[in-house]
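What follows is the residue order along each chain.
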Amino acid sequence: MILAHKIALDPTVEQAIHFARAAGTARFAWNWGLAEWKRLYEAGEKPSATKLKAQWNAVRRTEFPWSCDVTKCASGQAIMNLGTAFGNFFRDLKKPKGQPKAGYPKFKKKGQHDSFALWNDQFEAHSCRERFGKDRGEIRIPNLGWVRMREPLRIGGRILGAVVSREAGRWFVAIQCEMPDAEAAHPAPGSVVGVDLGISALMALSRQMPDGRTKIENPKALRKAMRRVKKLSRRISRQEEARKKRAAKTSRRTRKRRAQLAKLHGRVANIRRDAIHKATTAVASTFETIVLEDLNVAGMGKNHALAGSVSDAAFGEIRRQFEYKARMRGGHVYVADRFFPSSKTCSACGCVVDKLPLSIRSWACAECGTVHDRDENAAINLEHLVVGPAWAEPSPGIPAATLGEIAALAASQEAVKLRSVNRELNPCAHVRTN
C-alpha cells in the first residue's frame, strides 16, 4: 500500500524563492517536452518520454544552465509525467463514448498548479530520519538544504519520494511511503454499518457511533463563504475588463485580490478536508464493514441546482478515503449497485414506494405505517445488503450467513458490486415489491 502524508512547510523567504524557481523549471521542462513531442510527431518520428529525457539531459547544461541551480528531479520528473499524460490520453481513446477520458496534454501556465518532484534515489542507504528529518520535523531539499515542516512525518514504511506544491500562497510537501498491508484484525470484528452520503448531513449511519451520533453534519464551507467569493470574483472581473480596455498590465490591486480569493478557496478546502478526514477515520475505526452507494457524482454535478452542494460535500473523496482507511485497519468496503432504491425502500417491511422526491425528508410506509427519516432509512437498507433484513426469511437449503462468514467473503470480494454478491449470500435479501 502506498500512502502520502501531506505536510505544510515553513520556508524562509530565500527558500520560498528557491521553491518558485524549482516549480518554474519543472513547468519549463514540461512545456519544452510537449513542444518537442509535437515536433517529433509532425516529423514522422515516434516520440517517447525516455527519448525526450535523454535529449533534455544532453542540452540542459548548455542551453538552459539556470536549470542546474535547482534539483534535477524537478525537470526530469516533469518530462516523465508528460509521458504518463500521453499514455493516459492514448489509453482512453479506446473507451466508449460517454465515459470520462484523459485529454490531450496542454501547456502549463505560471501560477497554476506550481509543483516539482523529489526523487529519493538513496532511500535504501539513508534512514528516514537522515533523509527527511522525521524527528526534527524537517525535510532536506537537494541544492537547498533543510526546510522546516509544520509537523513530523507520521507514517512509516519505505519512502519513495515527495512532491512540493504551492496552494493559495503556501508550500506543502506530500511524502510518499510504501507500507505493508494491514495484517492485524479490526478492533470491532463483525461490525457492519451502512453509510448514506448526503448534502444536509455529510453522512447518515445505520448504527450509532460511540458518542451516540447517527448523523455527521456537513460544515458546508463553500456555501458559507459564497458571499465573499462572489464579491471578490466580481471585483476581479471588473478590474480585468477595465484593464483590457486600457490595454494595460495587471495592477497590484488585482494581484492582491486574486491572492485573497485563492486564500479564501484554500480555507474552504481545508475546512472540508478536515471534516471528511475526521468523519471517515471515526467510522472506519468503529466498524469493520462499510457499505456505500455507487453515486453518479458527475451526473449530479450537471444539475445546476445541486452542483454547488455536491462539490461542497465531496462524495468521491469520501469514498476514496473510506477505501484506503478501511484497508489500513483490516476492514472492508462494499459499494452497492447504483440503481438500488435505498431511499425508497421501507427498511421495516421491504415495501418500495414509486416516487420519493428529494424535497421529502421523511415519509411513512403505506404497508406497515413506519415513519422513516430519508437518510437513516437509506443507511439501514445499505446495511441490509450485507447482513440481510429482519423481515426476510432465509431460502431453504441455504445456511444463514453469519457476520464472520460475511467478513471472510468481503476480504475476497472487496469493492465489487453488491448486487452479484448479495445473490450469493442470500437471494431473499433483495427488496421485494408488493
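Residues numbered from 1 in each chain as written. Predicted model: local features only at pLDDT ≥ 70, side-chain atom pairs only at ≥ 80, totals over all residues. Heavy atoms only, no water.

**Remarks on the sheet that holds strand β5 (residues 158–167)**
Phase 1: Spatially, β1-β6-β5-β2 is the arrangement adopted by the four strands of the open sheet, whose pairing is antiparallel. Every interior strand has two partners, whereas the edge strands, β1 (2–8) and β2 (115–119), have only one. On average, adjacent strands in this sheet sit at an angle of 20° to one another, irrespective of strand direction.
Phase 2: Here five bridges tie β2 to β5, and the two strands are oriented antiparallel to one another. (Pairing = 2+ DSSP bridges. Helix = DSSP H or I, 4+ residues; strand = E, 2+ residues; numbered from the N terminus. Axes fitted to C-alpha atoms, helices over the stretch in contact; angles between N-to-C directions.)

**Re the packing of helix α5 (residues 221–246) against helix α6 (residues 252–286)**
Phase 1: Relative to each other, α5 and α6 sit at 160°, their axes nearing to 10 Å. One finds that α5 runs roughly antiparallel with respect to α6. Here α5 and α6 pass one another in a crossing that is left-handed. Of α6, the residues touching α5 (which contributes Ala221, Leu222, Ala225, Arg228, Val229, Leu232, Ser233, Arg235, Ile236, Gln239 and Glu240) are Arg253, Thr254, Arg257, Arg258, Gln260, Leu261, Leu264, His265, Val268, Ile271 and Arg272. (Parallel < 35°, antiparallel > 145°, perpendicular 65-115°, else oblique. Left-handed = near helix turned anticlockwise from the far one by under 90°. Contact = heavy atoms within 4.5 Å.)

**Some details on the side chain of histidine 18**
Phase 1: Inspection of the secondary structure assignment puts histidine 18 in helix α1 (residues 13–42).
Phase 2: You can call histidine 18 buried: its relative accessible area is 10%.
Phase 3: Filtering out sequence-adjacent residues up to four positions away, histidine 18 remains in contact with Asp69, Val70, Pro142, Asn143 and Leu144. (Buried < 20%, exposed > 50% of the residue type's maximum accessible area, 1.4 Å probe, protein only.)

**Structural notes on a positive patch on the surface**
Phase 1: Side chains of Arg227, Arg228, Lys230, Lys231, Arg234, Arg235 and Arg238 sit close together on the surface and give a patch of like positive charge.
Phase 2: Tracing the backbone shows lysine 230 in helix α5.
Phase 3: You can call lysine 230 partly exposed: its relative accessible area is 47%. (Patch = residues over 30% accessible without salt bridge, like charges linked within 9 Å, V, L, I, M, F, W, Y side chains within 5 Å. Areas by Shrake-Rupley, 256 points an atom, 1.4 Å probe, with all protein chains shown as cover. Salt bridge = Lys/Arg side-chain N within 4 Å of Asp/Glu carboxyl O. Lys, Arg positive; Asp, Glu negative; His and termini not counted. Charge placed at Lys NZ, Arg CZ, Asp CG, Glu CD.)

**Some details on helix α3 (residues 72–92)**
Phase 1: Compared with an ideal rise of 1.5 Å per residue, which puts 21 residues at 30 Å, α3 spans 31 Å between its outermost C-alpha atoms and is within 8% of the ideal.
Phase 2: Buried within α3 are the following residues: Cys73, Ala74, Ser75, Gly76, Ala78, Ile79, Leu82, Gly83, Ala85, Phe86, Phe89 and Asp92.
Phase 3: Those residues of α3 that are buried are in contact with α1, α2 (49–63) and β2.
Phase 4: Near the N-terminus of α3, the side chain that reaches the backbone nitrogen of cysteine 73, with its oxygen 3.2 Å away, is that of threonine 71. (Expected span 1.5 Å × (residues − 1). Polar contact = N/O pair within 3.5 Å; in protein donor to acceptor, adjacent residues only side chain to side chain.)

**A closer look at the layout of surface pockets**
Phase 1: Space inside the largest pocket adds up to approximately 1700 Å³.
Phase 2: Surrounding the largest pocket, 46 residues form its lining, Lys6, Glu167, Phe172, Asn270 and Arg273 being those nearest its centre.
Phase 3: Secondary structure elements with two or more residues in the lining of the largest pocket: β1, β5, β6 (170–178), α6 and α9 (315–328).
Phase 4: Sort the elements by how many residues they give to the lining of the largest pocket and α6 lands first, with 14 residues.
Phase 5: Each residue belonging to the lining of the largest pocket can be placed in one class, and the counts come to 14 nonpolar, 12 polar and 20 charged. (1 Å grid on protein atoms, 1.4 Å probe; cavity = no way out; pocket = protein on both sides within 12 Å on 5 of 7 lines; lining within 4 Å. Points joined across faces, edges and corners; volume = space filled by probe spheres on them. Nonpolar A, V, L, I, M, F, W, Y, C, P; charged D, E, K, R; others polar.)

**Structural notes on unusual backbone geometry**
Phase 1: For asparagine 143, which is not glycine, the phi dihedral falls at a positive 65°.
Phase 2: Its location among the elements puts asparagine 143 in the loop between β3 (138–141) and β4 (145–148).
Phase 3: Unlike most non-glycine residues, lysine 220 shows phi in positive territory, near 50°.
Phase 4: Along the chain, the position of lysine 220 falls in the loop between β9 (215–217) and α5.

**Description of the environment of isoleucine 360**
Phase 1: Within the element layout of this structure, isoleucine 360 appears in the loop between β11 (332–336) and β12 (362–364).
Phase 2: In this structure isoleucine 360 comes out as partly exposed when scored by relative accessible area, which is 32%.
Phase 3: Between the alpha carbons of isoleucine 360 and arginine 374 there is a distance of 7.7 Å; along the sequence they are 14 residues apart.

**Notes on the nonpolar core**
Phase 1: With 41 residues, the main nonpolar core has Leu9, Phe116, Ile139, Val164, Val173 and Ile175 as its most contacted residues.
Phase 2: Where this core is concerned, the elements lending two or more residues are β1, α1, α2, α3, β2, β3, β5 and β6.
Phase 3: Considering every element that reaches this core, the biggest residue donor is α1, with 10 residues.
Phase 4: Formed by 22 residues, the second largest nonpolar core is a distinct cluster that contains Met203, Phe287, Ile290 and Ala314. (Core = buried A, V, L, I, M, F, W, Y, C linked by side-chain atoms within 4.5 Å.)

**A few points about the pattern of salt bridges**
Phase 1: The final tally for this structure, using the stated rule, is 20 salt bridges.
Phase 2: Between aspartate 373 and lysine 215 there is a salt bridge, with the nearest N and O atoms lying 3.2 Å from each other. Of the two residues, aspartate 373 is situated in strand β13 (residues 371–373) and lysine 215 in strand β9; the sequence distance between them amounts to 158 residues.
Phase 3: Look at aspartate 373 and you get partly exposed, because its relative accessible area is 28%.

**Considering the pairing of β6**
Phase 1: The pairing of β1 with β6 spans seven bridges and is classified as antiparallel. The partner of alanine 8 across the bridge, within β6, is phenylalanine 172.
Phase 2: As paired strands, β5 and β6 are joined by nine bridges and run antiparallel to one another. Note that in β6 the partner of isoleucine 159 across the bridge is cysteine 177.
Phase 3: The hairpin formed by β5 and β6 contains two residues between the paired strands, and alanine 168 there has a positive phi angle of roughly 55°.

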